[in-house]
Every structure is written in structure tokens, then in C-alpha cells.
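So the chains spell out like this:
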Amino acid sequence: MNKFFDFIISHSKIYGFIYPSSDIYGGINAVYDYGHYGVGLKNNIKKYWWKSMTQLHENIIGIDTSILMNTNVWVASGHIKKFNELFIDNKDSNKRYRPDLLIKNYVDKNILNDSVRKNDILKRLLYYLENNKLLKINKLISELNIKDEISKTKNWTRIRFINMMFKIYNESEDIYLRPETAQGIFCNFNNVQKSNRMKIPFGIAQIGKSFRNEIIARQFLFRLREFEQMEMQFFILPKEEKIWYEYWKKIRLQWHLNLNLGKNLYKLYNHKNLAHYESIGVDIKFNFPFGLKELEGIHSRRDFDLKRHELFSKKKLRYFIKDSKKNIIPYVIETSLGLDRMFLAVLSSSLKKEKIKNNKFRIVLKIPTFLSPIKAAIFPLVKKNNLPKIAKDIFNNLKIKYPLIYDYKESIGKLYRRQDAIGTPLCFTIDYNTIETNTITVRYRDTMKQKRIHIKEICNTIEKVTSIENILNKISV
Ligand code: GAP
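Since the model is a prediction, treat every value here as computed from it, not as a measurement.

Colleague: Break down the environment of Ile356 for me, with residues and values.
Modeller: Of note, Ile356 is situated in the loop between β17 (351–355) and β18 (361–365). Measuring from C-alpha to C-alpha, the distance between Ile356 and Ala182 comes to 47 Å, with 174 residues separating the pair along the chain. Residues within four places of Ile356 in sequence aside, it is in contact with Phe361, Arg362, Arg417 and Met448.

Colleague: Give me the lowdown on the sheet that holds strand β21 (residues 426–430), citing residues and values where you can.
Modeller: With mixed pairing, 5 strands are arranged side by side in an open sheet as β20-β19-β21-β22-β23. Sheet topology places β20 (404–406) and β23 (450–454) at the edges, where each strand pairs with a single neighbour. Averaged over all pairs of adjacent strands, the angle between their axes in this sheet comes to 25°, without regard to strand direction. Where strand β19 (residues 376–380) and β21 come together, 5 bridges link them in parallel fashion. Bridge pairing in β21 links Ile378 to Phe428. Against the sheet, helix α14 (residues 412–422) contacts β19, β20, β21, β22 (439–444) and β23, and its axis sits at roughly 170° relative to β19.

Colleague: How would you explain the site of the ligand if you had to name every residue and give the values?
Modeller: Inspection of the region around the ligand gives 21 residues, with Glu180, Glu214, Glu231, Glu294 and Leu295 positioned closest. Within the side chain of Glu180, a nitrogen or oxygen atom sits 2.5 Å from a nitrogen atom of the ligand. Protein contacts shield 94% of the accessible area of the ligand, which totals 550 Å² for the unbound molecule. Contributing elements (two or more residues each) for the shell around the ligand: β10 (226–236), β13 (291–302) and β16 (331–338). At 6 residues, the largest contribution of residues to the shell around the ligand is made by β13. In terms of residue class, the shell around the ligand is made up of 6 nonpolar, 5 polar and 10 charged.

Colleague: If you had to explain the domain arrangement of the protein chain to someone new, which residues and values would you point to?
Modeller: Domain annotation of the protein chain identifies domain 1 (2–70 + 165–348), domain 2 (84–163) and domain 3 (356–472). Taken over C-alpha atoms, the centre of domain 1 sits 30 Å from the centre of domain 2. With 5 residues of domain 1 at the interface, the matching set in domain 2 holds 10 residues. The largest per-residue losses of area from domain 1 upon contact with domain 2 belong to Ile215, Ile216 and Arg218, which jointly make up 66% of the total buried on that side. Inspection of the region where domain 1 meets domain 2 yields 1 residue pair in polar contact (both at pLDDT 80 or more). Here the side of domain 1 that touches domain 2 is composed, by residue class, of 3 nonpolar, 1 polar and 1 charged.

Colleague: So what about the packing of aromatic side chains? Which residues, and what values?
Modeller: Two measures describe an aromatic ring pair: the distance that separates the ring centres and the angle between the ring planes. As enumerated under the stated definition, the model contains 27 aromatic pairs in all. Both rings, one in Phe288 and one in Phe290, keep their centres 5.5 Å apart while their planes meet at 5°; by these two values the pair is stacked. Looking at Phe288, the relative accessible area reads 2%, which means it is buried. Clustering of aromatic rings is evident, with ring pairs tying together Phe5, Tyr32, Phe220, Phe222, Tyr266, Phe286, Phe288 and Phe290. Against the face of Trp255 rests Arg252, its NZ or CZ located 4.4 Å from the ring centre. Positioned over the ring face of Tyr277 is Arg301, at 3.7 Å from the centre of the ring.

Colleague: Tell me about the nonpolar core, and please be specific about residues and values.
Modeller: Formed by 65 residues in total, the largest nonpolar core has its most connected members in Ile45, Tyr48, Trp49, Trp248 and Phe343. Looking at this core, you find at least three residues from each of domain 1 (2–70 + 165–348) and domain 3 (356–472). Counting residues in each nonpolar core, the second largest holds 22 residues, with Tyr128, Ile146, Ile159 and Ile162 among its members.

Colleague: I'd like to hear about the state of the cysteines, residue by residue, with values.
Modeller: For the coordinates displayed, the defined rule picks out 0 disulfides. Looking at Cys459, it has no disulfide partner, and the nearest cysteine sulfur is the one in Cys427, 17 Å off.

Colleague: I'd like to hear about helix α16 (residues 458–466), residue by residue, with values.
Modeller: Looking at α16, one finds that the buried residues are Ile458, Thr461, Ile462 and Thr466. Burial along α16 is one-sided: seen end-on, the buried residues are contained in an arc of 100°. Exposed and oriented more than 90 degrees from the buried face of α16 are Asn460 and Lys464.

Colleague: Go over the pairing of β16, please, and point to the residues and values.
Modeller: Counting buried residues in β16 gives 8 out of 8 residues, a clear majority hidden from the surface. Residues Tyr331, Ile333, Thr335 and Leu337 of β16 are buried on one face, and the alternating residues Val332, Glu334, Ser336 and Gly338, pointing to the opposite face, are buried as well. Summarising the sheet, β10 and β16 pair through 8 bridges and their orientation is antiparallel. Note on β16: the bridge partner recorded for Gln229 is Gly338. With 6 bridges joining them, β13 and β16 adopt antiparallel strand pairing. Paired with Glu296 across the two strands is Leu337, which belongs to β16.

About the cut-offs
Residues numbered from 1 in each chain as written. Predicted model: local features only at pLDDT ≥ 70, side-chain atom pairs only at ≥ 80, totals over all residues. Heavy atoms only, no water. Helix = DSSP H or I, 4+ residues; strand = E, 2+ residues; numbered from the N terminus. Contact = heavy atoms within 4.5 Å. Pairing = 2+ DSSP bridges. Axes fitted to C-alpha atoms, helices over the stretch in contact; angles between N-to-C directions. Near = heavy atom within 4 Å. Polar contact = N/O pair within 3.5 Å; in protein donor to acceptor, adjacent residues only side chain to side chain. Areas by Shrake-Rupley, 256 points an atom, 1.4 Å probe, with all protein chains shown as cover. Nonpolar A, V, L, I, M, F, W, Y, C, P; charged D, E, K, R; others polar. Domains from an automatic or database assignment. Buried area = accessible area lost by both parts, 1.4 Å probe. Phe/Tyr/Trp six-rings, centres within 6.5 Å; stacked < 30°, edge-to-face > 60°. Buried < 20%, exposed > 50% of the residue type's maximum accessible area, 1.4 Å probe, protein only. Lys NZ or Arg CZ within 6 Å of the ring centre and 35° of its normal. Core = buried A, V, L, I, M, F, W, Y, C linked by side-chain atoms within 4.5 Å. Disulfide = S-S within 2.5 Å. Arc of directions from axis to C-beta.

Encoded structure:
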């Protein structure tokens, strides 16, 4: 891990965004809790996604399906057979690794200048992976003399497969925690299509928890064992696969770019190793503090899932086309974004250490203002001469409309710093002039500029600076 990444993690904890789960017991690997400001930010990201998908697209319907599903769902979807990951343990440190990453990381670190050797090793690795030659991968690890970074030994187990779904204990049957929200959508295809009288092309969108028994889970919110997905399955005519795949690629990238986190932070990457359900796929990668990694996936799943569910459920999952009088199984274009990953992308690209006056620094979270968990803070300049009461009255009048903070516990400079650190776009200060002129000082987070406005303008100022409409207006569908 790097220093900046460590800083993000500690900032998240100190300012109430993210806490390690079961912190008092030393935590649990790759599971985190969201604090007050974390929930606020997360909910605002959800709102942006949900509105963009279901409110701006009249042909996309929302749903919220259960985490537990009939076990046959996972047989049909291929997750029981194919949702596996390779792993290897070091017997001395008891640490678990993905062998392909162990080799790739070793090569990246140790074989810098010999590109021929490097390519040869990676080629061999790919061949062994594609042909399931696990013993050969074990041999390659020995040949390269790869040691565990923790125990410093080469005492490795044999490489094996592990299924990434969590199985929960139940006396009568195996029950799994869902590893993707998508299957709840596929299983409700008929219900949604009929109850909403949907005509192809149409989509079903869902936000919900998923669970995966990740082997390498040491990257904070990036790879979790319990996480949230924002997925949309778009049902189309098979002949329109290419059109809709390109459409959703464009729309989803634009959704990210509208946030203004930095155009250069994103890269599209066409899938080379396809998941068992997809026929084409692309990742929207994001430059996290630990490198360019997958943020969102857009896949064509064709008729894979509906066909499999027809086969296993013995129920027809079809769409009737009036013109040709044919019942077809639609193709599906899927967009799948991890909410926690999105949260990390916003946080890591917005947290800045900035030089200000007198060689001092400030920590400021320059998140898009409509995502800020708190829209504005209201302070009395001093705790006397009725100023706290005026400030509190303003707070009480506006708190129904916006999430606000009323604070007086520190000096004004420290109050500003605290709001900077949690990303509050506006601070309003009530001072002696307020009593005479009904004006207050507004201070802007990003520029630190201040100006006086009338009390009556506070509401409009908050609306203008923080409204989600500003960004939704940019989305053309
Ligand atoms: N329904 C398709 C699907 O689940 P995926 O590429 O496995 O595809 C989609 O996952 C998205 O879910 C990823 O792009 C990522 O944002 C998020 N995601 C997947 N595994 C995750 C994990 N262990 N922790 C956090 N987010 C994860």
C-alpha cells in the first residue's frame, strides 16, 4: 500500500466515513461499515445512479430482489460450477493468494529489464491457466523462487479451486448469499414485463448487496466480501446487440465523466478473458491510488441467463413479437457498477492536501457538490449577542430541505477546516453585521472565497450550488 492510500483510509475513519467492521475485535478481513458521512455520500451516489437509470429512462423499471434465492438459481446461472477462483496458501504465514497475481506481481517487481523473459513467463502462465494445468503453475512458482512476503518462506500448498459464493448453514438444503444482483432480475423477467406492460427494448435496474468470498481482499473498499452493486439488465432484440452494447458503453462512460473527477482517470478496456456468461464485455477502469482497475463492467450476456433459467425452471421466459408472431428469448446488455468501488473512486480522487496562506496546509474533500453528505454548515461567529440564536433559527428553517450542520464548538477557522475535510460545499457565518443588515458571509469550499449575501438568499445559494438537477440535466437520453 502507498502513503496516500493509507491517508485515505485513516481520513475515512477519523471523519466518520468508513470504519472497519467489528473494529473492537480487530476487524474482519474485507468488510467495512459506513459512518454518518459515509452513508450520506453513498446514498447520494445511489440517488445519482437510480435517477439516471430509472427516472431519465422511461423504459427502465426498478426492482429490489432478495439476497437469498432458490439454490437452483445458482445451478442454472453457472455460479455453482463456474464461479471459482484459484488459490494457494503459504503454510507458514497462513496467508492466501491468487497464484496468477503472485506470479504477475513477482515478475513486475523483479524482472524489470528482461522483457523477453518476462513475456515468456506470462505466456506460460496464461497457457497453464487456460488449460487448467495447476501443477505446472506450482512448478513455475518454485522455479521463480517466489517467497511469501510475510513469512519469507517458499512453503506453499498445492494450487486449488475455491467457489467464491458464501454458503450459509441450513439443515435441509444449501443456501447461498447472492454473488451478483443480476439473477434476481432475470428471475423476475416475466413479472416485470407483464406487470409494467414493458415493450422491448426495456431494462430492469437494481441496487443491492452481493457477497463474494474474495481471496485477495486487501484493498479497502475496492475488493470486499460484502458489497453493493448497481446493476441494470437491458432486454433487447438479438439483432440489436451491437447497437445497444455501444449505446450503454457511451451512456455509462458519460455518467462517470459528468462527475468531473478527471477525464484522464478513466480508461476503457475490452475483455480478453470473458466471464462464463458474457459474449463481449468492456471495463470502465479508474485510476485508483493503487493503479488502473475495473470500476464498472458492461457486458453482453446474450440469452445465456434466460435460456438457462428456462431450462432449469421449466418456465417460459420469452417475449412475443407481434409482427413476426414469434416468441423469442431476448438478448441482454448488462451494466454493472460496484457502489463501494464508486465511493472509493470519488473519495480517492477528491481528497486533497492544499497549500494555503502562511505556508499552511488544509485537507479538503472536493467531491462533486451534489454528492456532499452535508450541503451547508451554519456558524455563529461568536457565542454571544444573540448570534447563536439567529444561526440556530436559520438552521431550523432549512433543515427539512437540506442536510445541514449547526456548529459553534471551535473557532471559525477550525470550523471551516472540519467542513473542508468532510466536503461541505458552503459555510454560512452569522456575525454582528447580521443583526443590523440581515446579511451573512458565505464561504465556498473549493475557492475559500467569501462574500456577503442576504439571509433570504441562503436557500437559493444552496440550491444553485448543490442541486442534483445540475448534473442530471447534462444526461441526454
Ligand atoms: N453481474 C455481473 C457482475 O457481477 P462483475 O464484473 O463480477 O460482474 C461487477 O462485477 C462490478 O461489481 C465490478 O465492476 C465492481 O465494481 C463490483 N465488484 C465486483 N466484485 C467486487 C468486490 N469483491 N468488492 C467490491 N466491488 C466488487
